[in-house]
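Understanding the architecture of this molecule
Listed here are the chains, written in short residue letters.
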Amino acid sequence: MNKQEGEPLAAASIIAPSTESIAQLFAEHYRRVLLAAHRITGSMADAEDITQAVFLRLSGAERPIENAGSYLYRAAINGALDLLRRRKSAATEPLDQAAYIASTSQGSSPETEFYGRQLSETLRIAMSELSPKAAEMFALRYFEELSNKEIAALMNTSQAVVAVTLHNARSRLKKDLQRLTAR
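Residues numbered from 1 in each chain as written. Predicted model: local features only at pLDDT ≥ 70, side-chain atom pairs only at ≥ 80, totals over all residues. Heavy atoms only, no water.

Description of the pattern of salt bridges
On inspection of all chains with the given rule, the structure shows six salt bridges. Here Arg85 ties to Asp82 by a salt bridge, and the two come within 3.5 Å at their closest N and O atoms. Residue Arg85 and its partner Asp82 are both found in helix H3 (residues 68-87); the two are separated by three residues, about one turn of the helix. Residue Asp82 is classed as partly exposed on the basis of its relative accessible area of 38%. Across the pair Arg179 and Glu129 runs a salt bridge whose closest N-O atoms are separated by 2.9 Å. Of this pair, Arg179 sits in helix H8 (residues 159-181) while Glu129 is found in the loop between helix H5 (110-127) and helix H6 (132-143), placing the two residues 50 residues apart along the sequence. Judged by its relative accessible area of 25%, Glu129 is partly exposed. In the salt-bridge network here, residues are joined through shared partners; they are Glu129, Arg172, Asp176 and Arg179. (Salt bridge = Lys/Arg side-chain N within 4 Å of Asp/Glu carboxyl O. Helix = DSSP H or I, 4+ residues; strand = E, 2+ residues; numbered from the N terminus. Buried < 20%, exposed > 50% of the residue type's maximum accessible area, 1.4 Å probe, protein only.)

A few points about the packing of H6 against H8
At a minimum axis separation of 9 Å, H6 and H8 run at an interaxial angle of 95°. It follows from the interaxial angle that H6 and H8 lie roughly perpendicular. Of the residues in H8, those in contact with Lys133, Ala134, Met137, Phe138, Arg141 and Tyr142 of H6 are Val161, Val162, Thr165, Leu166, Ala169, Arg170 and Leu173. A class-by-class count of the residues in the contact of H6 with H8 yields nine nonpolar, one polar and three charged. (Axes fitted to C-alpha atoms, helices over the stretch in contact; angles between N-to-C directions. Parallel < 35°, antiparallel > 145°, perpendicular 65-115°, else oblique. Contact = heavy atoms within 4.5 Å. Nonpolar A, V, L, I, M, F, W, Y, C, P; charged D, E, K, R; others polar.)

Next up, the structure:
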């Protein structure tokens, strides 16, 4: 595929990218990759580690990557989900972040903040128990706010498969959340 002058690398096919192309991909996609990982893990430190690992893996790619942007985005989501599965519990923010979090939450009571964090943690634990495909689709739909059509295109499947998988994932998460909150 010939690359036109000024065309972003995201659309280019890449095999073992050069340092320059990695730097350009990093500049173009770092924020999106980092935010995707952060939304799933709930921890900026974990999201930064995942983002670094994703770009390092890209630099050692031995097979063609047709759409580097899509590859990086999905790799971040999968990396974050893998981390949750390994830990089986949600990451927490350091104690020194508590004052900042409390001061930025306007109109919320401490109890509301506590229960919101607890629910997020419980959801992350429940997501780690989903199949990789279902967890990725759930994250894309509800954290990244992609439509079923966009998810289907990104994951090379049909909208019907996405809809059924999301329905089953929601049902499973509902049961798991009920089980985990009953503890």
